[in-house]
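Fold and contact review
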Amino acid sequence: DTGVSQDPRHKITKRGQNVTFRCDPISEHNRLYWYRQTLGQGPEFLTYFQNEAQLEKSRLLSDRFSAERPKGSFSTLEIQRTEQGDSAMYLCASSPPWGVADTQYFGPGTRLTVL
Amino acid sequence: DAKTTQPNSMESNEEEPVHLPCNHSTISGTDYIHWYRQLPSQGPEYVIHGLTSNVNNRMASLAIAEDRKSSTLILHRATLRDAAVYYCILRDDYGGSQGNLIFGKGTKLSVKP
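Heads up: these notes are all about the structure in this document. Note that the structure is predicted; figures quoted are calculated from it, not measured. (Residues numbered from 1 in each chain as written. Chains lettered and ligands numbered in written order. Predicted model: local features only at pLDDT ≥ 70, side-chain atom pairs only at ≥ 80, totals over all residues. Heavy atoms only, no water.)

Our next topic: the pairing of strand β6 (residues 61-64) of chain B. All names here are of chain B. Looking at chain direction, strand β5 (residues 55-56) and β6 are connected through 2 bridges and run antiparallel. Each residue of the ladder has a partner; that of N56, found in β6, is S61. Adjacent in sequence and paired antiparallel, β5 and β6 are bridged by 4 residues. Looking at chain direction, β6 and strand β7 (residues 70-75) are connected through 4 bridges and run antiparallel. For A63, the partnering residue across the bridge sits in β7 and is T72. Two successive antiparallel strands, β6 and β7, enclose a turn made up of 5 residues, where R68 displays a positive phi of approximately 65°. (Pairing = 2+ DSSP bridges. Helix = DSSP H or I, 4+ residues; strand = E, 2+ residues; numbered from the N terminus.)

We now examine the interface of chain A and chain B. Each partner contributes residues to the interface: chain A has 23 residues there, and chain B has 20 residues. When the two sides are added together, the surface that chain A and chain B hide from each other amounts to roughly 1800 Å², 52% of it contributed by carbon and sulfur. There are 0 salt bridges connecting chain A and chain B. Linking chain A with chain B are 4 residue pairs in polar contact (both at pLDDT 80 or more), by the criterion used here. Counting residues per element, the ones that place at least two in the side of chain A that touches chain B are β4 (31-37), β5 (44-50) and β6 (53-57) of chain A. Counting residues per element, the side of chain A that touches chain B draws most heavily on β4(A), which supplies 4 residues. Of the residues that constitute the side of chain A that touches chain B, the class distribution is 11 nonpolar, 8 polar and 4 charged. (Contact = heavy atoms within 4.5 Å. Buried area = accessible area lost by both parts, 1.4 Å probe. Salt bridge = Lys/Arg side-chain N within 4 Å of Asp/Glu carboxyl O. Polar contact = N/O pair within 3.5 Å; in protein donor to acceptor, adjacent residues only side chain to side chain. Nonpolar A, V, L, I, M, F, W, Y, C, P; charged D, E, K, R; others polar.)

This is how it looks when you write it as C-alpha cells:
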C-alpha cells in the first residue's frame, strides 16, 4: 500500500498522559498536514510542513501540542497532558510538490479517546 | 479562503444520478473548487476539482456555473459505496497559499438500495 499511513489507529489514554502519533506520507510528497476532526464536524487544520520546516500552525494548536518532521519524511504529533477535549480523530495528509490546486491525500486517521 | 454553503444531507436511490450542490457566491478569480468525500471511519478522499470549465473523471463530474458562484458534483450512478459526507472547498491557487484545506460540515449523502 503506497498511501498515507498513520499509527496507531486507535489510542485510549487517561487525562494528563502524553500521547504521540505518527504519520508516514506518500513517498516524494514534500508537504504534510495535520488536521483534527471531532464528531459531526469537518476536519480542522492544525499544522503544515514543507519538507522539514513547519510553516504554519493553527490557533487550535495549543502549547500542549507539538509536531515534528525530522528529515522531511515521517511526522509525529505529540499531545502533552491530555484533556478530555482532545478526544478526536487526528488526520494526516500529504501532497506532492508538483501539480496544481494542491490535492491532498489523507491517511485513515488516529482516533484518540481521553478518559 | 471563501466560504461555501451545502445542504446538510441528501438522499439518493442506488443506480440513480446524484447532484450535490454547492454555493460559493464570494469566490475569487483564483479559487479552485475542490470536492472531497469522507466515507465512514476513513480519512477524506479527493474526488475532483475545477476552475472554470466542467470537469470529468472516473469518480464524478463537476459542473461549474458560468459566474462560478455555484457548482454541482454529479455522481452518474450512485452505489451504496458512495454513501459519505461530501465537502465542497475553495482553494486559492497553490502559488499563493500555504495549502491547508478549510472544511465545512459538508453534505451527508445516503444511498438507498
